[in-house]
Amino acid sequence: MSPSADRLIAHADMDAFYAAIEQLDDPALRGRPLLIGPDSERGVVLTASYEARPYGVGSAMPMSRARRRCPDAVIVPPRFDRYTEVSKTVMRALAEFSPRVEPLSLDEAFLDMSGAATVYGPPETIGRRLKAAVREATGGLTVSVGLSATKYVAKVASDFAKPDGLTVVPGDEARGWLAPLPVKALWGAGPRVQQRLADLGLTTIGDVARADAAELERALGRAGARLHALANADDPREVEPARASKSIGAERTLEHDVAEPREIEAYLRRTAEAVGRRLRRNGVVARGVRVKLKRTDFQLLSRQTTLAEPTDSTARLFATAQALLPAFGASGPYRLVGLAAYDLEAPAESPQLGLELDGQRRARELDGVLDAIAARFGPGAVRRASELTGDATLGTAVNLDYLNDVDDDAAD
Ligand code: TTP
Ligand code: MG
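Conventions and cut-offs
- Residues numbered from 1 in each chain as written.
- Chains lettered and ligands numbered in written order.
- Predicted model: local features only at pLDDT ≥ 70, side-chain atom pairs only at ≥ 80, totals over all residues.
- Heavy atoms only, no water.
- Helix = DSSP H or I, 4+ residues; strand = E, 2+ residues; numbered from the N terminus.
- Buried < 20%, exposed > 50% of the residue type's maximum accessible area, 1.4 Å probe, protein only.
- Contact = heavy atoms within 4.5 Å.
- Areas by Shrake-Rupley, 256 points an atom, 1.4 Å probe, with all protein chains shown as cover.
- Pairing = 2+ DSSP bridges.
- Axes fitted to C-alpha atoms, helices over the stretch in contact; angles between N-to-C directions.
- pLDDT = per-residue confidence, 0-100.
- Donors = N, O, S within 2.8 Å, 3.2 Å for Na, K, Ca; no water.
- Tetrahedral: all angles 85-135°; square planar, octahedral: opposite > 155°, others 65-115°.
- Core = buried A, V, L, I, M, F, W, Y, C linked by side-chain atoms within 4.5 Å.
- Phe/Tyr/Trp six-rings, centres within 6.5 Å; stacked < 30°, edge-to-face > 60°.
- Lys NZ or Arg CZ within 6 Å of the ring centre and 35° of its normal.

Q: Any chance you could break down the overall build of the protein chain for me, citing the residues and the numbers?
A: Summing up its helical and strand segments, the protein chain has 16 helices and 13 strands in all. Burial status across the protein chain gives 51% buried among its 412 residues. Contacts spanning at least 24 positions in sequence make up 67% of the contacts within the protein chain whose residues lie at least 6 apart. If you sum the accessible surface of the protein chain, you get close to 18800 Å²; carbon and sulfur atoms cover 52% of it.

Q: I'd like a rundown of the environment of G37, residues and numbers included.
A: Within the element layout of this structure, G37 appears in the loop between β2 (34-36) and β3 (47-48). G37 gets classed as buried once you look at its relative accessible area, which sits at 0%. Measuring from C-alpha to C-alpha, the distance between G37 and P77 comes to 4.9 Å, with 40 residues separating the pair along the chain.

Q: I'd like a description of the sheet that holds strand β1 (residues 9-14), backed by residues and values.
A: The strand order across the open sheet formed by five strands is β5-β6-β1-β7-β8, and the pairing between neighbours is mixed. Since the sheet does not close on itself, it has two edges, and those belong to β5 (101-105) and β8 (166-168), each with one partner. On average, each strand axis in the sheet is tilted by 15 degrees relative to the strand beside it, whichever way the strands run. With three bridges connecting them, strand β7 (residues 143-148) and β8 associate as parallel partners. When the sheet's bridge partners are listed, V145 is paired in β8 with L166. Sitting on the sheet, helix α5 (residues 123-138) is in contact with β1, β6 (108-112), β7 and β8, with an inclination near 155 degrees to β7.

Q: Any details on the pairing of β1? Residues and values, ideally.
A: Side-chain positions along a regular strand alternate between the two faces of the sheet. Counting buried positions along β1 gives six out of six residues, so the element sits mostly inside the fold. Side-chain alternation along β1 places I9, H11 and D13 on one buried face and A10, A12 and M14 on a second face that is also buried. Pairing between β1 and β7: six bridges, direction antiparallel. Across the sheet, the residue bridging to A12 is V145, located in β7.

Q: I'd love a proper account of the sheet that holds β2, names of residues and values included.
A: Pairing between the strands of a sheet is mediated by backbone hydrogen bonds and can be parallel or antiparallel. Taken in spatial order, the three strands make up an open sheet running β3-β2-β4, and their pairing is mixed. Edge positions in the open sheet fall to β3 and β4 (74-76), since each of these has one partner strand only. Running at roughly 120 degrees to β2, helix α1 (residues 17-25) makes contact with β2, β3 and β4 of the sheet.

Q: Summarise the confidence of the model for the protein chain; cite the residues concerned and give the values.
A: Taken residue by residue, the protein chain gives an average pLDDT of 85. The fraction at 70 or more is 83%. For the stretch residues 387-412, pLDDT sits under 50, and the model shows 81 contacts to residues farther than four places along the chain or on other chains.

Q: Quick one: what's the story with the coordination of the magnesium ion (ligand 2), residue by residue and with numbers?
A: Protein coordination at the magnesium ion (ligand 2): the donors are D13 (OD), M14 (O) and D107 (OD), at 2.0 to 2.2 Å from the metal. Coordination geometry of the magnesium ion (ligand 2): the six donor atoms subtend angles of 83 to 177 degrees at the metal centre, consistent with an arrangement described as octahedral. Sequence spacing among the residues donating to the magnesium ion (ligand 2) works out to D-M-x92-D. With M14 in strand β1 and D107 in the loop between β5 and β6, this residue pair connects regions lying 93 residues apart in the sequence. Classification of M14 as buried rests on a relative accessible area of 3%.

Q: Tell me what's going on with the nonpolar core, and back it up with residues and numbers.
A: Grouped together as the largest cluster of nonpolar side chains are 36 residues, with contacts concentrated most on F17, L94, L111, M113, I126, L130 and L141. Taken together, the elements giving at least two residues each to this core come down to β1, α1, β2, β4, α3 (80-95), β6, α5 and β7. Broken down by element, the residue count for this core peaks at six residues, all from α1. Sequence-distant contacts of L141, that is, excluding residues within four places in its chain, are made with M14, F17, A20, I21, L24, V86, V134 and R135. Ranked by size, the runner-up nonpolar core spans 31 residues in total, among them L178, L186, A231 and V239.

Q: Can you lay out the packing of aromatic side chains for me, pointing to particular residues and giving the numbers?
A: Evaluated as defined, the whole model comprises seven aromatic pairs. Between Y18 and F80, the ring centres sit 6.0 Å apart and the planes meet at 85 degrees, which makes this aromatic pair edge-to-face. Placement of the pair is Y18 in helix α1 and F80 in helix α3, with a sequence separation of 62 residues. For Y18, a relative accessible area of 16% puts it in the buried group. With relative accessibility at 44%, the residue F80 sits in the partly exposed group. Joined through ring pairs, the aromatic side chains of F17, Y18, F80 and Y83 make up one cluster. The cationic tip of R53 hangs over the ring face of Y50; the distance from NZ or CZ to the ring centre is 4.0 Å. Geometry around Y342 places R290 over its ring, the cationic atom sitting 4.6 Å from the centre.

Below is the structure:
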């Protein structure tokens, strides 16, 4: 029996979070299609209320297109301070249920509910109570909850019956429950991996689960083995509480070991992208940047530096990480490349946009647009031009952002 047999993990994700808050605060907006985002030519939609979603609008769509698709929608500029405040209320309510709560972003968290049955009853009851507690604490917001024996299945389950969903997947049924879902529901299966799986004739998670692990590994490298494990509902990751705000990191276990600085940089670019996105998504900036390289003998090396000005910019993170590479000397080749941002803090009151250099402002705008696209289509959906000079081996390296965004010090 797997070690997950007696675990119970809940994943909670607020429904249309920003839009629901606007409707909560302004009754005139309830029941109406809303687009949250700047009402400008170049703005993108941060989220849409469920009334607007049937029109085919949602996060990351250009506001101009969303307005055309849903002309009746009310456009509401975001109020991030308010969303952060509500987020704290939600997280506090969840923390009543378990000492082990791992927030992933403003509106979602994992809870380790193992052993909670004696206190709260069966998983359905736990889920119902979580939902009621969030509704109560926020004055009426709904949250979708998934419960299962692993983080992965709990997360997929919370998305399954949105909005206001509650989906319980008993551990011993998880494999069968996942089977009919499309492969894109596998973590780490971006568009390119999906295509490779399709080339192998694998379109559902069940197809991947039944595929020969060795064949998957031949086709997809180390990513293949991980996808095979997930498809079989095998995910040993624990809920990682409390360390949430220490650092935000991402790392990639590489398909092929790398030694060339140029190749390492190509991976660093992508990890900088992922880390920058998480910083911005969580509304924090970092003073510290750390690069981790794991040698083929599994020895982990790390070098770090402190910035004069805290940042959430992908370009700054990358440039800082790149400057740390010489400090590793010729200790490669490496099997893993990681980057973490630490010493996290809230950004300064209001960015002095007028004083920002034009290039910095453009980099910030580009970050915002890429974030939105990545959120909608997956992290692999777009590449900066600078990445395209990278190496073809990047394609299927497995993405461990999820694993490490809470604590990059966790052992791989
Ligand atoms: P999500 O949980 O992805 O979306 P949601 O809560 O709006 O809707 P759902 O019911 O499908 O969960 O994101 C939470 C909030 O994060 C969302 O309300 C707005 C913000 N966000 C962005 O700012 N940009 C994005 O691209 C996405 C996806 C979300
Ligand atoms: Mg949500």
